[in-house]
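Reading the structure
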Amino acid sequence: MTKIAFIGLGNMGGPMAQNLVKAGYDVCGFDLVPEALDQLAQAGGSKAGSMREAAQGARVVISMLPAGKHVESLYLGDDGLFNIIDRSSLVIDCSTIEAEVAKKVGERAEEQGISFIDAPVSGGTAGAAAGTLTFMVGGSAGIVEQARPYLEVMGQNIFHAGGAGAGQLAKICNNMLLAVLMTGTSEALKLGIDNGLDPAVLAEIMNKSSGGNWVLEKYNPVPGVMPEAPASNGYQGGFMVGLMAKDLGLALNTAAGSKTATPMASLADNLYKMHAIRTGSTKDFSSIIQLYDPVN
Ligand code: NAD
């Protein structure tokens with residue numbers, strides 16, 4: 001049975017690793033949070049005491065970490081996995097990070113004969129649990145094919161965006177648009193609510209009209225409209241405000257490099273910063289709708 005090391009078992013990595021267990025792989029996970037390790041063990045995987053222990057004897061390493069600094073240190077740090085894993089290993093990083101960091105890790109992997117792709121995802125925690133994620137992959141076509149059987153367990157759509165770092169660039173563009181959609185959709189819903197409309201009815205109307213979008217279809221920010229959405233669970237779980245703020249920073253830095261005008265993303269970035277100042281960074285990003293509420 002192929003051993004897979006899975007590093008980062010949070011809101012996304014936890015369910016992704018569990019789907020690999022269900023598909024029959026020997027998954028050994030590592031996370032800094034003991035409860036995350038316990039959940040993988042309960043699902044039939046095994047838990048390691050360190051990332052190095054998880055990677056011992058693994059043919060495939062998958063990471064799902066918060067940001068570029070975590071990924072860089074996991075693979076390239078003094079204690080990093082590139083110093084210990086087998087040359088024939090396949091490494092798949094699914095975290096959303098700087099394209100530059102993905103390229104740097106990819107170059108080091110190539111120098112050492114390790115197969116590496118950047119493979120960030122879209123689809124949220126529901127997509128991670130259902131195994132229906134969209135993967136946006138950067139790397140050589142041969143390595144993408146090598147990774148495909150594992151990606152197909154965790155996702156439904158696998159796009160090869162281009163060379164190293166291209167997956168990250170596609171993901172950054174997508175999340176910049178998602179931030180704009182979430183803030184704009186929250187504003188439209190709030191206008192309706194403030195003028196007496198039922199948000200569930202309004203959402204249904206807009207979703208079947210020219211304003212229809214993914215937020216209205218799958219991730220309504222108003223509590224009670226969608227029982228499964230983070231909004232109906234106190235904005236817990238899901239995709240944290242701090243992670244969306246990170247992704248907007250990645251988009252704006254990339255835009256500065258290419259001298260691309262991104263006025264909508266700049267506004268969304270400021271709205272998320274104001275929201276984080278008022279309520280912190282750990283709620284789900286759909287809680288941005290609370291920014292439109294009067295202060296008590
Ligand atoms: P999360 O904070 O829930 O999970 C990250 C996990 O990594 C945590 O459990 C944390 O303990 C662990 N971790 C941090 N440093 C570690 C280390 N050195 N070794 C081992 N474990 C470590 O975040 P998430 O929502 O699962 O997001 C993970 C990545 O996926 C981020 O890059 C995010 O931008 C991206 N993403 C998230 C979503 C979403 O809907 N949540 C969707 C698409 C992409």
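In short, a report on the structure. Every chain begins its residue count from 1, and numbering advances along the sequence as written. In view of the model being predicted, local features appear only for residues whose pLDDT reaches at least 70, and side-chain atom pairs are presented and counted only at 80 or more, with totals across whole chains, interfaces and linings using the full set of residues. Excluded from the side-chain calculation are hydrogens and water; included are all heavy atoms of the structure.

**Observations concerning the packing of helix α8 (residues 166-194) against helix α12 (residues 263-279)**
Interaxial distance between α8 and α12 falls to 9 Å at its minimum, and their mutual angle equals 65°. Between α8 and α12, the crossing angle belongs to the class labelled roughly perpendicular. Handedness of the α8/α12 crossing: left-handed. Touching Met176, Ala179, Val180, Met182 and Thr183 of α8 are Met264, Ala265, Ala268, Leu271 and Tyr272, all from α12. Here the residues of the contact of α8 with α12 sort into nine nonpolar, one polar and no charged. Lines fitted to the C-alpha atoms define the axes, with helices restricted to the stretch that makes contact. Angles between their N-to-C directions range from 0 to 180 degrees. Elements are defined by DSSP. Helices are runs of H or I of four residues or more, strands are runs of E of two residues or more, and each kind is numbered from the N terminus. Oblique is the label for any angle not under 35 degrees, not over 145, and not in the 65 to 115 range, which are roughly parallel, roughly antiparallel and roughly perpendicular in turn. The hand of a helix crossing depends on one turn: near helix anticlockwise from the far one by less than a right angle means left-handed, and clockwise means right-handed. Contact definition: two residues touch when any of their heavy atoms are within 4.5 Å. Following the grouping adopted for this structure description, the nonpolar residues are Ala, Val, Leu, Ile, Met, Phe, Trp, Tyr, Cys and Pro, the charged ones are Asp, Glu, Lys and Arg, and the polar ones are all others, Gly among them.

**Side note on the packing of helix α11 (residues 241-258) against α12**
At a minimum axis separation of 10 Å, α11 and α12 run at an interaxial angle of 150°. In this view, α11 runs roughly antiparallel relative to α12, as classed from their interaxial angle. Where α11 crosses over α12, the two elements pack in a sense that is left-handed. For the pair α11 and α12, contact is made by Val241, Met244, Ala245, Leu248, Gly249 and Leu252 and by Ala265, Ser266, Ala268, Asp269, Tyr272, His275 and Ala276, respectively.

**Some points on the side chain of glutamine 168**
Tracing the chain through its elements places glutamine 168 in helix α8. Residue classification places glutamine 168 among the buried positions, given a relative accessible area of 0%. In terms of polar contacts, glutamine 168 uses its side chain to reach the backbone carbonyl oxygen of serine 95, at 2.9 Å. Not counting chain neighbours up to four residues away, the residues in contact with glutamine 168 comprise Asp93, Ser95, Thr96, Ile97, Glu98, Ala99, Ala102, Asp118 and Pro120. Summary of the burial criterion: residues with accessible area below 20% of their type's maximum are buried, those above 50% are exposed, and those between are partly exposed, where the area comes from a 1.4 Å probe applied to protein chains only. Pairs of N or O atoms are called polar contacts if they sit within 3.5 Å, as long as, within protein, a hydrogen donor faces a hydrogen acceptor (for residues adjacent in sequence, only side-chain-to-side-chain pairs).

**Remarks on the pattern of salt bridges**
Side-chain pairs of opposite charge can arise whenever the charged atoms involved come near each other. Criterion for a salt bridge: a side-chain nitrogen of Lys or Arg within 4 Å of a carboxyl oxygen of Asp or Glu. Summed over all chains, the structure comprises nine salt bridges. For arginine 148, the salt bridge goes to glutamate 145, with nearest N and O atoms at 3.1 Å. Here arginine 148 and its partner glutamate 145 are both found in helix α7 (residues 141-154), three residues apart, which amounts to about one turn of the helix. Two residues, lysine 190 and aspartate 293, come together in a salt bridge whose shortest N-O distance is 3.6 Å. In this pair, lysine 190 is assigned in helix α8 and aspartate 293 in the segment after α12, connecting sequence segments 103 residues apart. By relative accessible area, lysine 190 is classed as buried at 11%. By relative accessible area, which is 33% here, aspartate 293 ends up partly exposed.

As far as function goes, none of this settles anything; it's purely spatial.
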